[in-house]
Amino acid sequence: MVTETKQLKEKKGPITKKPEILAPAGNLEKLKIAIRYGADAIYIGGQLFSLRANADNFSYEEMKEGADFAHAHGAKIYVAANIIAHNEDLDGVMDFFAKLYEIGIDAVIVADPALIESCKEAAPNLEIHLSTQASTSNWKSVKFWKEEGIARVVLAREVSFDEIREIKKHVDVEIEQFIHGAMCPAYSGRCVLSNHMTARDSNRGGCCHSCRWSYDLYEDPLEYEDPKFLSEGMNPFSFSSKDLSMIQYVPEIIELGIESLKIEGRMKSVHYVATVVNAYRQAIDAYCADPENYVLKEEWVEEIYKASHRETTTGFFFGKPDTEDHLYGEAEPLAEYDFAGLVLGYDPAEKIATIQQRNHFRTNQQVEFFGPDGKFFRQTIGEMWDDKGKPIEKAPHPLMLVRMKVEEPLRPYDMMRKQK
């Protein structure tokens, strides 16, 4: 009886405090889709002070719309202002943070101490998160930043499970960590290759992704002029890492007590954001509901591979990456499916869906529908009509509206994809 009681006490019940799923959004459509597909918070970039200068980025008006939408759906919005600033970058920074607070942004992600101090002065009640660009990798540094008024620390990507556990043991502050997406080979993303090769400053938003170029190695610097040598060819290599993916280790991540699980990809597609967020949403919810009987479903892993990605790795979580964690030669993005259409409406009486085209599709082609609840079904496209009711056999034009017969009920914002 004593043993039985002890076992009952040790049995793990549901986890009520789930970690936050933090998703990227390069524009308003991605922001809204990410929230509909299960994100608890979204990080975006403004048109100033962001490291993704080539993303669409948000105007103040778009930030306001995004924040209002997020708050109406119980989600939060964070703005990345994570450049390493030079003197001329400081112009307008006070007004920028004051405006973010006025708009209703929940927190800013900052790396540079000058921007941190400016934010504290301009918007004292605006929560500050320390960017991974600050390269924080030990508990004493985390403690320092907590004493500086930082509410959350985004750890360096180079920390391991054991190091995170040690940090959590010593410091009571929120921790955020990347769990999925592209990995930069530079330390915590602080790269100078782009600066050197194209005069575009990676640390001020201008990264040209030099690490993903292909390179050859020559013994003689003049040898590249020899046509005979070129005809023999060499295997190109890059400095690029495989993409991070921790979908198979959700229980271990949750048990560490990390408050926010971050997905990389402000420049990724709507389909990527929806697919990846949805997969992690299903896995996290399942584990938190019943840790004792949690089983990783193969369909969650398969979902990850349906979105555009490179080969995957677990990064630094289990130790230092080796040659198996890097890409060599051509590193084309892998994806089993293309995003074909967004569901705008469904007529249950006629079993007809209205779909906005996002990629060419046609009759007699097999497609797959999926939605925020993680359910999906496949069918072959049968009858289709354009928005004027004319029968059509293909949908070649971007954003054209198509009505088609579907085999199961659909909802607005469900997606249709086609296998490659």
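Conventions adopted
Residues numbered from 1 in each chain as written. Predicted model: local features only at pLDDT ≥ 70, side-chain atom pairs only at ≥ 80, totals over all residues. Heavy atoms only, no water. 1 Å grid on protein atoms, 1.4 Å probe; cavity = no way out; pocket = protein on both sides within 12 Å on 5 of 7 lines; lining within 4 Å. Points joined across faces, edges and corners; volume = space filled by probe spheres on them. Nonpolar A, V, L, I, M, F, W, Y, C, P; charged D, E, K, R; others polar. Helix = DSSP H or I, 4+ residues; strand = E, 2+ residues; numbered from the N terminus. Buried < 20%, exposed > 50% of the residue type's maximum accessible area, 1.4 Å probe, protein only. Pairing = 2+ DSSP bridges. Right-handed = clockwise from strand over helix to strand, strands pointing away. Phe/Tyr/Trp six-rings, centres within 6.5 Å; stacked < 30°, edge-to-face > 60°. Lys NZ or Arg CZ within 6 Å of the ring centre and 35° of its normal. Salt bridge = Lys/Arg side-chain N within 4 Å of Asp/Glu carboxyl O. Contact = heavy atoms within 4.5 Å. Axes fitted to C-alpha atoms, helices over the stretch in contact; angles between N-to-C directions. pLDDT = per-residue confidence, 0-100.

Another aspect to go through is empty space enclosed by the protein. All chains considered together, the criterion is met by three cavities of 30 Å³ or more. Counted as a void, the largest cavity has a volume near 50 Å³. If you go around the largest cavity, the residues you meet are Arg 157, Val 159, Gln 177, Phe 178, Met 183, Leu 244, Gly 315, Phe 316 and Phe 317. When the residues that make up the lining of the largest cavity are grouped by side-chain class, the tally is six nonpolar, two polar and one charged. Of the voids in this model, the second largest cavity is the one considered here, and its volume is about 40 Å³. Tyr 337, Gln 366, Val 367, Glu 368, Arg 378, Arg 417, Lys 418 and Gln 419 together form the lining of the second largest cavity. Going through the elements one at a time, β16 (366-370) and β22 (415-419) are the ones with two or more residues in the lining of the second largest cavity. In the lining of the second largest cavity, the residues fall into two nonpolar, two polar and four charged.

With that settled, consider the pairing of strand β4 (residues 107-110). Here β4 shows no split at all, with Ala 107 and Ile 109 on one side and Val 108 and Val 110 on the other all buried. Bridge count for strand β3 (residues 76-81) against β4 is four bridges, and the pairing is parallel. Paired with Ala 81 across the two strands is Val 110, which belongs to β4. With helix α4 (residues 93-103) bridging β3 and its parallel neighbour β4, the resulting β-α-β unit is right-handed. Inspection of the sheet shows β4 paired to strand β5 (residues 127-130) by four bridges, in the parallel sense. What sits directly across from Val 110, in β5, is Leu 130. Of the crossover connections in this fold, the one passing from β4 over helix α5 (residues 113-122) to the parallel β5 is right-handed.

We now examine the packing of aromatic side chains. Applying the stated criterion across every chain, the model contains 10 aromatic pairs. When the centroid spacing of 5.1 Å and the interplanar angle of 75 degrees are considered together, the rings of Phe 144 and Trp 145 count as edge-to-face. Overall, the relative accessible area of 42% leaves Phe 144 in the partly exposed class. One Lys or Arg, Arg 36, reaches over the ring of Tyr 413 and ends 3.7 Å from the middle of that ring. If you follow Arg 157 out to its NZ or CZ, it ends over the ring of Phe 178, 3.7 Å from the centre.

Attention now goes to the pattern of salt bridges. Applying the stated criterion to the full structure yields 26 salt bridges. Here Asp 285 ties to Lys 18 by a salt bridge, and the two come within 2.9 Å at their closest N and O atoms. Of this pair, Asp 285 sits in helix α11 (residues 270-289) while Lys 18 sits in the loop between α1 (2-10) and β1 (20-24), and the two are 267 residues apart along the sequence. In this structure Asp 285 comes out as partly exposed when scored by relative accessible area, which is 26%.

Another aspect to go through is the layout of surface pockets. In this model, the second largest pocket occupies a volume close to 360 Å³. Around the second largest pocket, the lining comprises 17 residues; the ones closest to its centre are Lys 17, Lys 18, Pro 19, Glu 20 and Glu 259. Partitioning the lining of the second largest pocket into residue classes produces five nonpolar, two polar and 10 charged.

This next bit is on unusual backbone geometry. If you check the backbone angles, Asn 364 has positive phi at about 65 degrees while not being a glycine. By secondary structure assignment, the location of Asn 364 is in the loop between β15 (361-362) and β16. Overall, Asn 364 belongs to the exposed group, its relative accessible area being 64%. In the Ramachandran plot, Tyr 413 falls in the positive-phi region, its phi being about 80 degrees despite a non-glycine side chain. Take Tyr 413: it is sitting in the loop between β21 (401-405) and β22.

Extensive coverage of strand β2 (residues 41-45) is indicated by the burial of five of its five residues. Neither face of β2 is exposed, since Ala 41, Tyr 43 and Gly 45 on one face and Ile 42 and Ile 44 on the opposite face are all buried. With respect to chirality, the unit in which β1 leads through helix α2 (residues 28-36) into the neighbouring parallel β2 is right-handed. Across five bridges, β2 lies against β3 in parallel orientation. For Gly 45, the partnering residue across the bridge sits in β3 and is Ala 80.

An order of β17-β16-β22-β13-β14-β21-β18-β19 is seen for the eight strands of this open sheet, with the pairing classed as antiparallel. The sheet is open, and its two borders are formed by β17 (376-380) and β19 (391-392), each paired with just one other strand. Relative to β21, strand β18 (residues 384-386) is paired through three bridges, and the arrangement is antiparallel. The partner of Asp 386 across the bridge, within β21, is Val 402. Contacting β13 (337-347), β16 and β22, α11 crosses the sheet at an angle of about 100 degrees to β22.

When pLDDT is averaged along the protein chain, the result is 87, and 84% of the positions lie at 70 or above. Residue range residues 1-9 is modelled with pLDDT below 50. Its contacts to residues more than four positions away, or to other chains, number zero contacts.

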